[in-house]
Amino acid sequence: MAVTQPLLELRGVSKHFHGGGIFKQGRKVQANKQITLSLAARECLGLVGESGSGKSTLGRIILGIEKPDCGEVLFQGVNLYGKDKTAIREVRRDLQVVFQDCFSSVNPRRTAGASIAEPLNNFARLNLRDELRVVGELLELVGLKAEDASKYPHQFSGGQLQRVCIARAISLRPKLIVLDEAVSSLDVLVQAQILDLLSDLRDELNMSYIFISHDLAAVAHLADRLAVMCLGEVVERLDNIDDINCLTHPVSKALLAAVLPAQPVGSSS
Ligand code: ADP
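What comes next concerns the included structure. For clarity, every value in this text was computed on a predicted model and none was experimentally measured.

**Here we look at the site of the ligand**
- Near the ligand the following residues occur: F17, V29, A31, E50, S51, G52, S53, G54, K55, S56, T57 and R60.
- Here G52 contributes a backbone N or O atom positioned 2.7 Å from an oxygen atom of the ligand.
- In this structure, an oxygen atom belonging to the ligand sits 2.5 Å away from a side-chain N or O atom of T57.
- Looking at the shell around the ligand, the elements that each hand over two or more residues are β2 (28–39) and α1 (55–62).
- The dominant element in the shell around the ligand, judged by the number of residues it contributes, is α1, at four residues.

Right, dumping it as structure tokens:
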């Protein structure tokens, strides 16, 4: 029987930093320690943990922008830190990111349309007519209007601007998007709308997500599987998100306890 290659595979990835400041000089911070994990096509892995547990560092390593000290990162079988630069450039268009702070993710002096068109123009030169058409289609795909292409970032709400960032991230039809705290700065109602949008887009465009968050409730909305991080290590894994209440590690339990109950405490109905 043929074995399907995972979309993403991390093998024994470690990364350390040297602490800064006059008192911390020389102190070693082990941001990621011997991390091994894999992700299949169309799967969403939730990467959760408290602040400082190494989630974003791992996200940057997966994106190919933070070289690990050791270990391998294989994306579609290509070692992102290997020697084959042509193959790396080719697969990197299938790897995109959406950050938490949408306002600093876009240039305030460029229109939404120009920001969305940037990755398109990096990989395929489009004429102006095609660029306008594709940008308009992308804006509609994320629930905005084609005319919004001419607006500047300050003319959008936080939720709308995050939709613009999502439109930019999906512009090259990537296979994997790293969502780094992508809904954390939005209020609860807008969060739910963006999570629904991400869920729909994943089905429509056959994408996979690595969803980095400290918010287990948001992750549970989208993820199929979970990896819980603590002090740079994956301390617990969950293969089925429906078993979320069966998490046992103290960090996992603390994250679960931080999720607000569905009903206010003391509510009778
Ligand atoms: P998280 O995303 O879970 O909050 P991070 O990956 O941002 O965690 O950070 C993990 C640890 O690595 C933290 O102790 C952080 O201070 C440290 N760290 C991250 N990036 C750097 C850097 N560029 N230089 C020094 N230390 C860093």
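Now that the structure is up, let's keep going.
**Describing the layout of surface pockets**
- Put simply, the largest pocket is a space of about 430 Å³.
- Together, 16 residues line the largest pocket, and L95, Q96, V97, P119 and N122 are the ones closest to its centre.
- At the level of secondary structure, the elements contributing two or more residues to the lining of the largest pocket comprise β6 (95–98), α4 (112–123) and α6 (158–170).

**Considering helix α9 (residues 250–258)**
- Among the residues of α9, those classed as buried are V251, S252 and L255. The arc enclosing the buried residues of α9, seen along the axis, measures out at 100°, which places them on a common side. Within α9, the exposed residues directed more than 90 degrees away from the buried face are P250 and A257.
- For α9, the secondary structure elements touched by its buried residues are β3 (44–49), α8 (216–222), β9 (225–230) and β10 (233–238).

**Points about the sheet that holds strand β5 (residues 78–79)**
- Judged by pairing direction, the sheet is antiparallel, and its four strands sit side by side in the order β2-β1-β4-β5 without closing on themselves. This sheet does not close on itself; its edge strands, each paired only once, are β2 and β5.
- Across two bridges, the pairing between strand β4 (residues 70–75) and β5 is antiparallel. Counterpart to L74 in the pairing with β5 is N79.
- Of the strands in this sheet, β1 (8–18), β2 and β4 touch α1, which is tilted by about 125° from β1.

**So, the pattern of salt bridges**
- If you walk through the whole model with that rule in mind, you get 12 salt bridges.
- Here R11 makes a salt bridge to E72, at a shortest N to O gap of 3.0 Å. You can see R11 sitting in strand β1 and its partner E72 sitting in strand β4, a full 61 residues away along the chain.
- R11 sits in the partly exposed class, given a relative accessible area of 38%.
- Note that R60 is salt-bridged to E66, the shortest N-O span being 2.8 Å.
- Its relative accessible area of 29% is what places R60 among the partly exposed residues.

Scoring rules and cut-offs
- Residues numbered from 1 in each chain as written.
- Predicted model: local features only at pLDDT ≥ 70, side-chain atom pairs only at ≥ 80, totals over all residues.
- Heavy atoms only, no water.
- Near = heavy atom within 4 Å.
- Polar contact = N/O pair within 3.5 Å; in protein donor to acceptor, adjacent residues only side chain to side chain.
- Helix = DSSP H or I, 4+ residues; strand = E, 2+ residues; numbered from the N terminus.
- 1 Å grid on protein atoms, 1.4 Å probe; cavity = no way out; pocket = protein on both sides within 12 Å on 5 of 7 lines; lining within 4 Å.
- Points joined across faces, edges and corners; volume = space filled by probe spheres on them.
- Buried < 20%, exposed > 50% of the residue type's maximum accessible area, 1.4 Å probe, protein only.
- Arc of directions from axis to C-beta.
- Contact = heavy atoms within 4.5 Å.
- Pairing = 2+ DSSP bridges.
- Axes fitted to C-alpha atoms, helices over the stretch in contact; angles between N-to-C directions.
- Salt bridge = Lys/Arg side-chain N within 4 Å of Asp/Glu carboxyl O.

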